[in-house]
2 protein chains.
Amino acid sequence: MAGAEADRGGSITGVTDVGPEVLGRGPTRAGTRRAELVAVATRLFRERGYHGVGMRAIAEAAHIQAASLYHHFAGKEELLLESIYVVDRDLVVDQLPLLEGSGTRPERLQELVEGHVRHIGTNRDAWWVAGRELRALSPERFDEVQVYRRRYQHAIAEFLAAGTAAGEFDCPDPRLSALALLDMLNGPNEWYEPGGRLDIDELAARYVDLALRLVGCCA
Amino acid sequence: MAGAEADRGGSITGVTDVGPEVLGRGPTRAGTRRAELVAVATRLFRERGYHGVGMRAIAEAAHIQAASLYHHFAGKEELLLESIYVVDRDLVVDQLPLLEGSGTRPERLQELVEGHVRHIGTNRDAWWVAGRELRALSPERFDEVQVYRRRYQHAIAEFLAAGTAAGEFDCPDPRLSALALLDMLNGPNEWYEPGGRLDIDELAARYVDLALRLVGCCA
DNA sequence: GTCTTGCCCTAACGACTGTTAGGGGGGCAG
DNA sequence: CTGCCCCCCTAACAGTCGTTAGGGCAAGAC
């Protein structure tokens, strides 16, 4: 907090670790600063949990004061919602259409699994927060996000059911298979770290294999 | 497992009211009250998260004052550790030996999966807390628990590797298969609720099937 | 009787919580 | 120059956090 004094004298507008490329120059496009702050908050939420991080901690990580956050967000919960939303929206918007695409069902499932695993790999903080801090949202916000989640899950269940009827899969209980598949796919969210034994593409490839086994596709 | 709960005279899991009827009576066996308080805390941790629950809230749910908790526990973290410990200890103590038992490897895996799923079903609060609030522990406590977790995971990985070498399984990457299997098995922890579409025994049976598929056992 | 043990109480500590009120300064448009 | 907008500031609000100090009441041991 001695840093607050120092900042005042010199570089109010200038030097932060946050988005250096954007901040140095003149007025940025509206929403940029907001996105930077969300990224900072997301990282902290991941490290310490929503209730474990205070507004002052978020502000400090962004090199501003806590009160300044309220010029960008209505409150703490808005930061959380913004952290979570990207993940669930991307799943429904980018991933789900893959199931309706061309190719055999195993091929389409392969694309879904690859995209899913890669999305986890490139949005680790947000995924972690989305997976564990949902309950911290108010009931209305909670339901709002839950709608996306259920849609994704149900679409996969129906996809597996259709594939089973067509003889491409073997899922006696498609709803349960969808749950098990999703739980498996979301697993790397807990333990994957870049620079580990497998890079994200290898991981995605192996998960495609595991997923196909799970749904009874012996191709 | 259910037997272990029954002979404790109280409600280890779930049942809410640890109430006046216990207070009025004579002295209970040492450690009993402690276990009751842990159960209350575990349930609240599950509902609102570790940082989302205060000592006063735990105390209120147990119909005592916050300060009274400190006659049973050194601090809040001790309550969390106690909530988590049961799960990880049971896994290593009760589940792991199943892999060394008699029978073919697929049979042994079946026993492990059944036991795992059923343990989740009968200790839902503790599992939820153990899965999500680990990071709230101090580093030393965290490592202490993590040792159990890694031992379980590594034992399964080696079991899958041995089974693959013996031609009973087909796991080209046993370590990854173990992770994926565990993530799938832990999934019900997030969504299983008693009284749902499947009871716990049906769920365990279906997960045995899914697990065998995952490890490439076509038996 | 006294002493101990187990369980609980009231009251308070300092630190921290999310949030608000109100002010200021820099960059750009006119 | 003035006026506007964006971003940030200091200071403070009321409330909650985990924790501690110190005392009381009932039951069993001696």
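Up top you'll find the structure we're talking about.
Residues numbered from 1 in each chain as written. Chains lettered and ligands numbered in written order. Predicted model: local features only at pLDDT ≥ 70, side-chain atom pairs only at ≥ 80, totals over all residues. Heavy atoms only, no water.

Residues other than glycine seldom take positive phi values, yet His63(A) does so here, at roughly 60°. On the secondary structure map, His63(A) appears in the loop between helix 4 (55–61) and helix 5 (76–99). (Helix = DSSP H or I, 4+ residues; strand = E, 2+ residues; numbered from the N terminus.)

Moving on: the pattern of salt bridges. What the rule picks out here adds up to 34 salt bridges over all chains. As a salt-bridge pair, Arg105(A) and Glu168(A) come within 2.8 Å of each other at their nearest N and O atoms. Taken as a pair, Arg105(A) in helix 6 (residues 105–122) and Glu168(A) in the loop between helix 8 (139–165) and helix 9 (174–186) lie far apart in primary sequence, 63 residues in all. A relative accessible area of 18% places Arg105(A) in the buried class. Glu133(B) is the salt-bridge partner of Arg135(B), the closest N and O atoms lying 3.6 Å from each other. Relative accessible area serves as the criterion here: at 22%, Arg135(B) is assigned to the partly exposed category. For Glu133(B), a relative accessible area of 1% translates into the label buried. Salt bridges sharing partners connect three or more residues here, namely Glu133(A), Arg135(A), Glu133(B) and Arg135(B). (Salt bridge = Lys/Arg side-chain N within 4 Å of Asp/Glu carboxyl O. Buried < 20%, exposed > 50% of the residue type's maximum accessible area, 1.4 Å probe, protein only.)

Time to look at the interface of chain A and chain B. Facing 35 residues of chain A, the contacting portion of chain B comprises 35 residues. Together chain A and chain B conceal approximately 2,800 Å² of surface at their shared face, both sides included; 54% is due to carbon and sulfur atoms. The largest per-residue losses of area from chain A upon contact with chain B belong to Arg135(A), Leu176(A) and Arg213(A), which jointly make up 24% of the total buried on that side. Counting every contact that joins chain A to chain B gives eight salt bridges. Among the salt bridges present, the one from Arg213(B) reaches Asp170(A), with a minimum N-O distance of 3.2 Å. Of all the secondary-structure elements, those providing two or more residues to the side of chain A that touches chain B are helix 3 (32–48), helix 7 (124–132), helix 9, helix 10 (188–191) and helix 11 (200–214) of chain A. In terms of residues, the side of chain A that touches chain B owes the most to one element, helix 9 of chain A, which gives seven residues. (Contact = heavy atoms within 4.5 Å. Buried area = accessible area lost by both parts, 1.4 Å probe.)

This part takes up the protein's contact with DNA strand C. In the region of DNA strand C, 18 residues are neighbours, and Met55(A), Tyr70(A), Lys76(A), Gln65(B) and His71(B) sit closest. Residue Arg56(A) places a side-chain N or O atom 2.8 Å away from a base oxygen belonging to DNA strand C. Arg33(B) places a polar side-chain atom, nitrogen or oxygen, 3.0 Å from a phosphate oxygen of DNA strand C. Residues belonging to the surface near DNA strand C are distributed by class as follows: eight nonpolar, six polar and four charged. (Near = heavy atom within 4 Å. Polar contact = N/O pair within 3.5 Å; in protein donor to acceptor, adjacent residues only side chain to side chain. Nonpolar A, V, L, I, M, F, W, Y, C, P; charged D, E, K, R; others polar.)

Residues and elements named next belong to chain B. Within the secondary structure, Ala61 sits in helix 4 (residues 55–61). On the basis of relative accessible area, Ala61 is assigned to the buried category, the value being 19%. C-alpha separation for the pair Ala61 and Leu37, spaced 24 residues apart in sequence, amounts to 9.1 Å. Discounting chain neighbours no more than four positions away, the residues touching Ala61 are Val40, Arg43 and Leu44.

Here we take up the protein's contact with DNA strand D. Neighbouring DNA strand D are 17 residues; Gln65(A), His71(A), Arg56(B), Tyr70(B) and Lys76(B) lie closest to it. For DNA strand D, the fraction of atoms within 4 Å of the protein that belong to sugar or phosphate moieties is 45%. Here Ser68(A) contributes a side-chain N or O atom positioned 2.9 Å from a phosphate oxygen of DNA strand D. Note that a phosphate oxygen of DNA strand D is positioned 3.4 Å from one of the backbone N or O atoms of Val53(B).

Attention now moves to helix 6 (residues 105–122) of chain B. All names here are of chain B. The terminal C-alpha atoms of helix 6 lie 26 Å apart, and with 18 residues this matches the ideal 26 Å at 1.5 Å per residue to within 8%. Inspection of helix 6 places Arg105, Pro106, Arg108, Leu109, Leu112, Val113, Gly115, His116, Val117, His119, Ile120 and Gly121 among the buried residues, and these make up the whole buried set. Against helix 5 (76–99), helix 7 (124–132), helix 8 (139–165), helix 9 (174–186), helix 10 (188–191) and helix 11 (200–214) lie the buried residues of helix 6. (Expected span 1.5 Å × (residues − 1).)

Bringing empty space enclosed by the protein into the picture now. Counted by the stated rule, this structure contains two cavities of 30 Å³ or more. Considered as a void within the structure, the largest cavity measures approximately 40 Å³ in volume. Surrounding the largest cavity, 14 residues form its lining, His51(A), Glu133(A), Arg135(A), His51(B) and Arg135(B) being those nearest its centre. Here the lining of the largest cavity is built from residues that sort into two nonpolar, six polar and six charged. (1 Å grid on protein atoms, 1.4 Å probe; cavity = no way out; pocket = protein on both sides within 12 Å on 5 of 7 lines; lining within 4 Å. Points joined across faces, edges and corners; volume = space filled by probe spheres on them.)

Moving on to the nonpolar core. Soluble, globular proteins show a tendency: their nonpolar side chains are buried together. One finds Met184(A), Met184(B) and Tyr207(B) to be the most contacted residues of the largest nonpolar core, which totals 133 residues. What Met184(A) contacts, discounting residues up to four positions off in sequence, is Tyr207(A), Leu210(A), Ala211(A), Leu214(A), Ala180(B), Asp183(B), Met184(B) and Leu214(B). (Core = buried A, V, L, I, M, F, W, Y, C linked by side-chain atoms within 4.5 Å.)

Residue and element names in this part refer to chain B. Interhelical geometry of helix 5 versus helix 6 gives an angle of 160° and a closest axis separation of 8 Å. Classified by the angle their axes make, helix 5 and helix 6 are roughly antiparallel. Of the two elements, helix 5 crosses helix 6, and the hand of that crossing is right-handed. Residues Val87, Asp90, Leu91, Gln95, Leu98 and Leu99 of helix 5 lie in contact with helix 6, whose contacting residues are Arg108, Glu111, Leu112, Gly115, His116 and His119. Residues of the contact of helix 5 with helix 6, tallied by class, amount to five nonpolar, four polar and three charged. (Axes fitted to C-alpha atoms, helices over the stretch in contact; angles between N-to-C directions. Parallel < 35°, antiparallel > 145°, perpendicular 65-115°, else oblique. Left-handed = near helix turned anticlockwise from the far one by under 90°.)

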